[in-house]
Structure formats: C-alpha cells, structure tokens
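# Descriptive analysis of the structure
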Amino acid sequence: MQFKHPEVLYFLFLLVIPILVHLFQLRRFKKEYFTNVQFLKELSVQTRKSSTIKKWLLLLTRLLLLTFLILAFAQPFFAAKDSKKNTNEMYIILDNSFSMQAKGKKGELLKRAVQDLLEHTPEAQNFSLITNSDNYWNTDIKAIQKDLQDLKYSASAFRLDNLIAKVNARKSAFNKDIIVITDAVGLVTNQTKSFRKEDNIYFIIPEAEQKNNIAIDSVYIQQTLDSFYEIGIKLSANGEDFKDIPIALYNKNKMVAKTIINFNDNGNSNIQTIKFTIPKEDFHGYVSITDKGLAYDNTYYFSISKPSKTNVISIGETDKSNFLARIYTNDEFNYNNFPIANLDYNQLEKQDAIVLNELSDIPQALQTTLKSFVTKGGNLVVIPAQENNITALNSFMSNFGSPEASGQFKTATQVEKKVTKINFNHPLFSSVFEKKTDNFQYPTTKKAFGLSSTTPSILTYDDQSPFLTSLPNDLSSVYVFAAPINKTNSNFQNSPLIVPTFYNMAQSSQKTGVNALIIGEDQPFVVDALLSKDEILTIKNSSESFIPVQQLLNTKVKMTFNESPTEAGNFSIFNGTNLVQNISFNYNRTESNLSLANPDAANNFKEIDDIETVFNTIQTDRTDTQIWKWFVILALLFLALELLIQKFVK
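Residues numbered from 1 in each chain as written. Predicted model: local features only at pLDDT ≥ 70, side-chain atom pairs only at ≥ 80, totals over all residues. Heavy atoms only, no water.

Bringing the overall build of the protein into the picture now. A count of helices and strands for the protein gives 13 helices and 38 strands. Burial statistics for the protein: of 650 residues in total, 46% are counted as buried. The long-range fraction of contacts in the protein, counting pairs at least 24 apart against all pairs at least 6 apart in sequence, stands at 69%. Put simply, the protein shows about 34,400 Å² of open surface, and 51% of that area lies on carbon and sulfur atoms. (Helix = DSSP H or I, 4+ residues; strand = E, 2+ residues; numbered from the N terminus. Buried < 20%, exposed > 50% of the residue type's maximum accessible area, 1.4 Å probe, protein only. Contact = heavy atoms within 4.5 Å. Areas by Shrake-Rupley, 256 points an atom, 1.4 Å probe, with all protein chains shown as cover.)

Right, here's the structure in full:
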C-alpha cells in the first residue's frame, strides 16, 4: 500500500492525546467511607468496574477513529501493475486498404472500425492516427470526427512496416502504445519486426465473413484485325461457387457488349479470359462485373487510341534491309532506310523505332543520339555485323545499362545453330500464338556471337544460348540479335517468325496498346506533344484534376504520376483546352484475395477483440486502486460506535 500524501501520517502522533486524557481519568483517589454509606460499598465497587470498561472501549474507538481519519487524509492506494506506462503516447494504425471493404458481422470492416473509434475513444484521450493515405498527429477524437467519417479507401496496399516507420520517426521521451486495426491481408511476420521492444502493441483483427471475390485483373489487345480489335479481359476468382456472373463493356458510359461468365464451368476455375470484339477506333471506357465480394476490383478502366502510323527507320545497306520494307508496309508504318553515309540525324528523334542493321561501325555521334532516343521512349533493334569489333560493340551496348544488364557480346563461332525455343510469355509474343508449339520451321545461323544477358531470352538456340534478347526500361526496349540475319548467314528471313518479331519490336505499347495505368506504381508515360516552355499538360475528368510531373523531350512529354489520381477512372490529357490523348487509371489488385489474411503474424502481440476493450484494458492496468474512501467509512463507523457506547454502556 502506498500513500498519495504520506506527510499527513505525522499526525498519528496526535493519538497520544486521547491516551493521556484516558490515563488522567483513571488516577486513583483514597476514599473514606462513613457509617451511613457503608451499605453502598458493594454497589460502588460494581459501578466502578463497569465505568472502567466503558472508558477503555471509548479510548479504543477514538484511537481507531482518529487513525482511520488520518489515513484517509493521507489517501492510501494500491499501485497498478502498469502504472509506469501512464505517460505512454498513443498511436492508432488504421488499415484503410481495399480489402477492408469486405463485410464482417456488422458491415464493412473499415466502416465498423471507424464507428467503434468514434463511439469508444475517450474524449480526453490524445493520440495520433496513421492510415495508408493520411496522418493525424497529436489530436483527439472530436478534432478528427469528420475526417474519420469521410475516410476513403486507399489505393495503397497495407504495409505495416512502412506505417511503423512513420511512428518510430516521431521522436519522444516517452514510450508508445500502438493499436493496429487491420484485417491482416498481406501481413507478414517480418513487417512486425519494426516494432520497438519497449512499446506496447495491441492488434485488432476484424474478420470478413464473405471471402469469395472476383477481380478484373487486366485488359489487353489479343488480336488486331483489319477493322476490329479483339480484346482479352482477364479475371481471377478467389473462393468458390461463382455462377452466372454478368460482365459488361462500356465505351464512354454507353454499354456496347454484355455476357455471362461461369467459373465453375472452366477446368481452371481460378482464372478466365473473356473476349470482346470492338471497332478499330478510339475507345475510352471500362469493363465491369457484379459479384458479392469486394467492389473496388469490379471495374477496370482502359483507353485505346485510334491507330496511327508508326515511324520506323532502318540504318544499313539497302540490299540487306529490303526484307524490312515488306514487313513495315505503308498502311501501318512510315518506313525509311538510310545507309550510314546518308543518315539524316534530325529524323531520328521523330521515330518510334530504329533498326541498326549490320553496321560494321557505329559512329560516336550516332551512339549518343541513340542513347537519348531510347531514354525518351523509342525502341531500338540491334543486328550485329559479322565484322563487328567485340570491344566496340560492347562499349556501345553499355549505353543502355550496366554490362551485366545491357548484354555483352562474346567471340563469334563459325558453327551452324538452330533456333529451337520461343519464349511465349514474353510481351513480344504474348498475343501472337493461340497455343504453344514446338513444331515449327527452325531458323538457323552459320556464324553467331556469344551473347550474355541477365534478362530472359526471347528466341533461344538449341544449345540454350540466346538468339534474341531484350533490355527493357520504363519507356522502351532495346532488342539485340546474336547473329547477322542476312540471307548469306541465316534463313531467318524466310521463317514465319520474322514478321511478328519485327512487327512487334517496332510497336510502342503506349501508342498501339491499351492505356491502363496502375495508381501508385509511378510508371512513366510518354505522349506526343510539342509544348512551349510556359505550357504544361493537365490530366482531368469530371471529378478530379491534377498536374503530373512532366519533362519535355523535344516533340514528346514524359509524365510521372506519383500517387495521383486519388480515384480510378477514365481521364484525358489536355494542353490548355486542347485534348492530347485519353488515358485511364486503375487500382492495384493486390488486395483482391481475401484468403491471404494472415492473423498469425500478430501472434507475438496482444490481440484484442475491439477498441473498447483496448481502452478498458489500458485504464484497468494503469489506474491505481484508491482505498481512502474505505478509511473514511471506517472512521464514520467508529464515530457511530462511540456514540452508541456513550449512550448504552453504563
């Protein structure tokens, strides 16, 4: 037992006073009895004995009354077991990722968590609230009530370690109480290692009752026909029992197609691809489904621009480049070939793709121009010449990355080799083949350089060495052949593979594919726009407008978006009031699989059912047990007892 005011205990010396008074009253006197009162002697002795007992009882009650009164003023208490943590600062980490859109026993998990915070957080409690998208430092529940009620789902996945880093960055002389509210989707044990040992950690993990969910993962052009696009829509199902799921396609908010999908009818029930055919023109819309799971991944926004001619230049001898003219036809390409002596350098930056076709020497000025060209989003195809110097060739390739990543040529060997393996998963061939095949006309080469690269090969020789590989970057690709493909050295020009290979190497996915960026991935995007120094591009739709980070690249503009926009949708890029291009943004689908919830990652910490229990637990564990009231009651009890003794004891 401890005392809040121990100095009051000095008043216990006052107990001496009633003792002295009592002793004074008990002093003995010598008495003389007269004959006329002799007969009262026996009665007097009995009365004196009774009076002595009464005085001792009064002394005891008065001593106890005074003792308990003094102890009450000293305010005794029993210290709480966690009383030292009373100065802890409180931090609440609230997961507002899209997986918290799932429904629990009382509705959507996030909305229920917000409601619990509003109802059960003490008004006097000071705390900091950290979510995936917002931070509220040193606040109270009244100050952020409206912000909590308006809290939206975040496009950023829940990363506990990142949020803990924000908490730990707040320097303080006090330890912390950290309450984590999350459904644990994507939570891994390693993320919890960021907690400091001296901090007090509580986990509240609400559980979704409905974990079945279908997501639209992606939209892509599966096949390009003369007047139509065949688009593929990839869907994934997590759970079971998905029947008669409606899927609809909208262009500018007008429905253009609709069908029903049944995952249970497919042998591989987790993934399905639905195909739609649309006219080969501008498309600015979305595809949507209706299911009983999460809502955020039921819509996928995308844009397709009406195809424009692709600008391609090949640099090399005319007779060795004739095969390219048959691939890059006038209906889809603006194609030109220049021998190195007649090359117009001013034309290079206007191209979408450049083919270096067996140049024996690459001038330094051309190397510098090509490096800038690739950086600005142009595709480059490198076909080596038999007489190339390996050192000079590798020096040129180093312009496009580190020696390991950019690919290094090795000594050529005069051995005939067959190209026997196609990487069907590479983006170059992803929409070319309906099914994988190993039975095709194998191209051969007579002389080939060794080629080492850290990236997967696109076409591979029978000895597992690469024949064609690529060096991708954020905006473009550098494609590298291991051997010359002129008719003297190879029959690759006669192979059916040559058309889709060179056709797709010249295409820019941003000009001829689906524009559907993922919010938060910060993927660069390049548009054709000639801007003055004072002009900027703006991206907007009916509900949101923002200015991306942008860099002028002569006739193009490179944009990066960071965390913008805040909501998925169809947007347009404007230069003032002039429409430059349509573009679409979507949420990342990392939160779609609710079965990835991993509450076991929090096993080493206190797991509590709800926020009310957390606050009650903290208050109980850290509140001292005050017992001064009991001493007041005892003092009053002995006061009443004294009065009773005075009245009834003779």
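The rest of the description comes next.
Our focus in this paragraph is the packing of aromatic side chains. Applying the stated criterion across every chain, the model contains 27 aromatic pairs. With a centroid separation of 4.3 Å and 10° between ring planes, the pair formed by Phe98 and Tyr296 is classed as stacked. Here the residue Phe98 occupies a position in the loop between β3 (89-94) and β4 (103-104), and Tyr296 occupies one in the loop between β15 (283-289) and β16 (299-304), the gap between them amounting to 198 residues. In terms of burial, Phe98 and Tyr296 fall into one category: buried. Centroid distance Tyr328 to Tyr335: 5.7 Å. Interplanar angle 45°. Geometry classified as tilted. On the accessibility criterion, Tyr328 (2% relative accessible area) is buried. Given the relative accessible area of 15%, Tyr335 is considered buried. Cluster of aromatic residues (ring-pair linked, three or more members): Phe323, Tyr461, Phe467, Phe481, Phe492 and Phe502. The ring centre of Tyr461 lies 4.2 Å from the NZ or CZ of Lys417, which sits over that ring. Positioned above the aromatic ring of Phe574 is the side chain of Lys540, whose terminal nitrogen or guanidinium carbon lies 5.0 Å from the ring centre. (Phe/Tyr/Trp six-rings, centres within 6.5 Å; stacked < 30°, edge-to-face > 60°. Lys NZ or Arg CZ within 6 Å of the ring centre and 35° of its normal.)

Read from one edge of the open sheet, 5 strands run β13-β12-β15-β16-β28, paired in antiparallel fashion. The two strands at the open ends of the sheet, each matched to only one other strand, are β13 (254-261) and β28 (514-515). Two elements, β15 and β16, share 6 bridges in a ladder whose sense is antiparallel. From the neighbouring strand, Phe283 faces β16, where its bridge partner is Ile304. (Pairing = 2+ DSSP bridges.)

All right, on to empty space enclosed by the protein then. In this approach a probe as big as a water molecule rolls over the atoms, and the regions it shows empty are the leftover space. Applying the stated rule across the entire model yields 3 cavities of 30 Å³ or more. In this structure, the largest cavity occupies an estimated 70 Å³ of space. Considered class by class, the residues forming the lining of the largest cavity number 2 nonpolar, 6 polar and 3 charged. The computed volume of the second largest cavity comes to approximately 40 Å³. Forming the walls of the second largest cavity are Leu356, Glu358, Leu359, Ile362, Val382, Ile383, Pro384, Ala385, Asn388 and Leu393. Counted by class, the lining of the second largest cavity contains 8 nonpolar, 1 polar and 1 charged residues. (1 Å grid on protein atoms, 1.4 Å probe; cavity = no way out; pocket = protein on both sides within 12 Å on 5 of 7 lines; lining within 4 Å. Points joined across faces, edges and corners; volume = space filled by probe spheres on them. Nonpolar A, V, L, I, M, F, W, Y, C, P; charged D, E, K, R; others polar.)

Next up on the list: helix α8 (residues 390-397). Where α8 is concerned, the buried positions are Leu393, Asn394, Phe396 and Met397. Buried residues of α8 fall within an arc of 155° about the axis and therefore sit on the same side. One side-chain oxygen of the residue at the start of α8 lies 3.0 Å from the amide nitrogen of Thr391, identifying that residue as Asn389. (Arc of directions from axis to C-beta. Polar contact = N/O pair within 3.5 Å; in protein donor to acceptor, adjacent residues only side chain to side chain.)

A few words on the sheet that holds strand β34 (residues 556-560). Strand order across the open sheet formed by 3 strands is β30-β34-β33, with antiparallel pairing between neighbours. At either margin of the open sheet sits one strand with a lone partner, and together these are β30 (525-528) and β33 (549-553). Shown here is a sheet whose adjacent strand axes are inclined to one another by a mean of 25°, direction ignored. Bridge count between β33 and β34: 5 bridges; the pairing is antiparallel. Its bridge partner lying in β34, Gln550 is registered against Met559. (Axes fitted to C-alpha atoms, helices over the stretch in contact; angles between N-to-C directions.)

Within this structure, the stated rule accounts for 11 salt bridges. Among the salt bridges present, the one from Glu123 reaches Lys142, with a minimum N-O distance of 3.6 Å. In this pair, Glu123 is assigned in the loop between α3 (109-120) and β6 (127-131) and Lys142 in the loop between β7 (135-139) and α4 (145-149), connecting sequence segments 19 residues apart. Comparing Glu123 with Lys142 shows no difference in burial state: the two are exposed. In this structure, the salt-bridge partner of Lys146 is Asp150, at a minimum N-O distance of 2.8 Å. (Salt bridge = Lys/Arg side-chain N within 4 Å of Asp/Glu carboxyl O.)

This part is about a nonpolar patch on the surface. A grouping of Phe11, Leu14, Ile17 and Val21 is seen on the molecular surface, where their side chains present a nonpolar patch of about 360 Å² in accessible area. For Val21, the position within the fold is in helix α1 (residues 16-25). (Patch = residues over 30% accessible without salt bridge, like charges linked within 9 Å, V, L, I, M, F, W, Y side chains within 5 Å.)

Okay, the side chain of Thr460 next. Its place among the elements puts Thr460 in strand β25 (residues 457-461). Under the relative-accessibility criterion, Thr460 is labelled buried at 8%. Setting aside anything within four residues of it in sequence, one finds Thr460 in contact with Lys418, Val419, Thr420, Lys421, Ser465, Pro466 and Phe467.

What follows covers the layout of surface pockets. In this structure, the second largest pocket encloses a volume near 520 Å³. If you go around the second largest pocket, you meet 20 residues; those closest to its centre are Lys106, Arg112, Asp116, Pro206 and Asp609. Secondary-structure elements contributing two or more residues to the lining of the second largest pocket are α3 and α12 (611-622). Here the lining of the second largest pocket takes 6 residues from α3, the largest share from any one element. Looking at the lining of the second largest pocket, its residues break down into 7 nonpolar, 3 polar and 10 charged.

This part is about the pairing of strand β12 (residues 245-251). Regular strands place their side chains on alternate faces of the sheet. By the criterion of burial, β12 is predominantly enclosed, with 5 of the 7 residues buried. Bridge count between β12 and β13: 7 bridges; the pairing is antiparallel. Each bridged residue has a counterpart across the sheet, and for Pro246 the counterpart in β13 is Ile260. As paired elements, β12 and β15 share 5 bridges and run antiparallel to each other. Considered in β15, the bridge of Ile247 is made with Ile289.

Below, the discussion takes up unusual backbone geometry. Here the bond from Ser564 into Pro565 is cis, since omega is -5°, no more than 30 degrees from zero. You can see Pro565 is positioned in the loop between β34 and β35 (569-575). Within the chain, Asn138 stands out as a residue other than glycine whose phi angle is a positive 45°. Checked against the element boundaries, Asn138 lands in strand β7. Not every positive phi belongs to a glycine, and Ala184 is a case in point at roughly 70°. Along the chain, Ala184 falls in the loop between β8 (176-181) and β9 (200-204).

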